[in-house]
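Observations on the three-dimensional arrangement
Each chain is listed here by its residues.
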Amino acid sequence: MGFGGSWDDTPVTTHDIAIAEKAIEAALETGITYFDHADIYSLGKAEIVFGEVLKNHKGLREKITLQSKAGICLRQGINGSSIYNNSKNYLIQQVNLILERLQTDYLDVFMVHRPDPLMDPAEIADTFRTLKKEGKVKNFGLSNMSLHQIAAIQEHCDEPLVGNQIELSLAHSLLIDAGVEVNRNMKENYTGVEGLLEHMRRHKMAVQAYSPLAGGRFTGNKNVSRKNDSEIVSLLNQTAEKYNTTAASILLAWLFKIPGTIQPIIGTTNPYRIRACKDAVTVELSREDWYNLWIVTRGESIP
């Protein structure tokens, strides 16, 4: 998402490509081979930059999993608002443009980026069917969808959906919180996530957790930190010291502890921060440490 520079019409530069190359190199060294895109990221420039890296490094395409998304039309509505378009013609058009920018013949995964109130689940399934038949996409998934929206689309699909991309982190744990608020007067509106985690497990869909590091809120980004975060940061750092790793790896290990297939999507382009995540898949948090991190971040005891 951070590749390509600013979200405007400024052309891609060699500097932008160099930044991407260093970030991709760090990711590969860390064991990360799955790369997530969307047609709107940097107004398409993120994919252009990644495509240039693929062109410059022969054989890289076959070593990685490449995913992209479409369905959001940025600033196409009144007063500069975005609108959504999950129609077959639009999604196929966007996939063709994505492939052109990425300089590849196929996507390993294509996802519908947002639920469109005007979407027809049968039409989306037919879109997937067409793209698969044409060899342009191997697998399909969704993004920011509720249990019922997923189920409506699944009903028409010929094959399983591989995942749903949704925000999940220690700082944004609604998927988890909703599961322990059974038969209580809920203080929060869980906006469609009740039962979502269980549905995805049942159908073997990956939870693609975006913003898993909360934008650096607990790891030094003062632009997003909050005044009451000191207790959380202190416990996080103590836990990192206990497991002889970094705070970033603990944040991701916290997600990996959740049963099912969890795929955290780290958004940084900083090679140092990418490498700081390398222990996430090997750290095995104790149940007590997992709960204590969750409780202190919630700011209240669990029921």
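What comes next is a walk through the structure. (Residues numbered from 1 in each chain as written. Predicted model: local features only at pLDDT ≥ 70, side-chain atom pairs only at ≥ 80, totals over all residues. Heavy atoms only, no water.)

**A short note on the pairing of strand β8 (residues 206-210)**
For the record, the criterion: Think of it in three bands: residues with accessible area under 20% of the maximum for their type are buried, residues over 50% are exposed, and the middle band is partly exposed, with areas taken using a 1.4 Å probe on protein chains only. Helix and strand labels come from DSSP, where a helix needs a run of H or I of at least four residues and a strand needs a run of E of at least two; each type is numbered from the N terminus. One bridge is not enough; two strands pair if DSSP finds at least two bridges between them.
Burial analysis of β8 places 4 of its 5 residues in the buried class, the great majority of the element. As judged from the 5 bridges shared by strand β7 (residues 163-167) and β8, these two strands associate in the parallel manner. Bridge pairing in β8 places asparagine 164 opposite valine 207. Judged from the 4 bridges that link them, β8 and strand β9 (residues 262-265) form a sheet pairing that is parallel. Its bridge partner lying in β9, glutamine 208 is registered against glutamine 263.

**Description of helix α2 (residues 45-56)**
Heads up, the rule is: In this analysis, the expected span of each helix is defined as 1.5 Å times one less than the number of residues it contains. Whether two residues are in contact is decided by their heavy atoms: any pair within 4.5 Å suffices.
Under the 1.5 Å per step criterion, the end-to-end length of α2 is 17 Å for 12 residues, consistent within 8% with the ideal 16 Å. Of all 12 residues in α2, 9 are buried, a share of seventy percent or more. Among the residues making up α2, those that are buried are Lys45, Ala46, Glu47, Val49, Phe50, Gly51, Glu52, Val53 and Leu54. Of the surrounding elements, those touching the buried residues of α2 are α1 (14-30), β1 (34-36), β2 (65-70) and α3 (88-102).

**Here's the deal with the sheet that holds β8**
Strands in a sheet are paired, the pairing made by backbone hydrogen bonds, and the direction either parallel or antiparallel. Where we set the bar: For helices, the axis comes from a line fit to the C-alpha atoms of the stretch in contact; other axes are also lines fit to C-alpha atoms, and the angle between any two N-to-C directions lies between 0 and 180 degrees.
Pairing is parallel in the open sheet, where 7 strands are placed in the order β1-β2-β5-β6-β7-β8-β9. The two strands at the open ends of the sheet, each matched to only one other strand, are β1 and β9. For this sheet, the mean angle separating the axes of adjacent strands, direction not counted, is 25°. With 4 bridges connecting them, β2 and strand β5 (residues 107-112) associate as parallel partners. Looking at β5, one finds that lysine 69 is bridged to methionine 111. Sheet strands touched by helix α4 (residues 121-133): β5 and β6 (137-143). Its angle to β6, the strand with the most contacts, is close to 155°.

**Remarks on the pattern of salt bridges**
Where we set the bar: By salt bridge we mean one thing: a side-chain nitrogen of Lys or Arg within 4 Å of a carboxyl oxygen of Asp or Glu.
By the definition in use, this model includes 17 salt bridges. Members of the salt-bridge network, linked through shared partners, are Lys88, Asp126, Arg129 and Asp158.

**Let's talk about α1**
Counted at 1.5 Å a residue, the expected span for α1 with its 17 residues is 24 Å, and the 24 Å between its end C-alpha atoms agrees. Within α1 the residues assigned to the buried category are Asp16, Ile17, Ala20, Ala23, Ile24, Ala26, Ala27 and Thr30. On its buried side, α1 packs onto β1, α2 and α10 (271-275). Glycine 31 occupies a position one or two residues after α1 and carries a positive phi of about 100°.

**Description of a nonpolar patch on the surface**
The cut-off we apply is this: Two joining distances apply to patches: 9 Å for like charges and 5 Å for nonpolar side chains (Val, Leu, Ile, Met, Phe, Trp, Tyr), and every residue must have over 30% relative accessible area and no salt bridge. Per-residue and other accessible areas were derived by the Shrake-Rupley procedure at a 1.4 Å probe size, with only the shown protein chains allowed to occlude residues.
A cluster of nonpolar side chains, Met1, Trp7 and Leu43, forms an exposed patch at the surface whose accessible area comes to about 290 Å². Leucine 43 gets classed as partly exposed once you look at its relative accessible area, which sits at 33%.

**Quick word on the environment of threonine 104**
Keep this limit in mind: For the purposes of these results, a polar contact is taken to be a pair of N or O atoms within 3.5 Å, where, inside protein, one atom must be able to donate a hydrogen and its partner to accept one; residues adjacent in sequence count only when each atom of the pair is a side-chain atom.
With respect to the helices and strands, the residue threonine 104 is situated in the loop between α3 and β5. On a C-alpha basis, the gap between threonine 104 and lysine 55 in space is 9.1 Å, while along the polypeptide they are 49 residues apart. Within the structure, the side chain of threonine 104 is placed 2.9 Å from the side chain of arginine 61, a separation counted as a polar contact.

**Some words on the packing of α3 against α4**
Stated formally: When the near helix sits turned anticlockwise from the far one by under a right angle, the crossing is termed left-handed; a clockwise turn instead gives a right-handed crossing. Ten residues, namely Ala, Val, Leu, Ile, Met, Phe, Trp, Tyr, Cys and Pro, are considered nonpolar, four, namely Asp, Glu, Lys and Arg, are considered charged, and the remaining ones, Gly among them, are considered polar.
Between α3 and α4, the shortest axis-to-axis distance is 9 Å and the interhelical angle comes to 35°. Considering the relative orientation of α3 and α4, their crossing is right-handed. Contacts between α3 and α4 involve Lys88, Leu91, Ile92 and Val95 from the first element and Glu123, Asp126, Thr127, Thr130 and Leu131 from the second. Residue composition of the contact of α3 with α4, grouped by class: 4 nonpolar, 2 polar and 3 charged.

**Quick word on the pairing of β5**
Let me state the cut-off plainly: The definition of a right-handed crossover adopted here requires that, viewed with the strands pointing away, the path from the first strand over the helix to the second runs clockwise.
Burial within β5 is extensive, with 6 of its 6 residues counted as buried. Pairing between β5 and β6: 5 bridges, direction parallel. When the bridges of β6 are listed, valine 112 appears paired with leucine 142. Running through α4, the crossover from β5 to the neighbouring parallel element β6 is right-handed.

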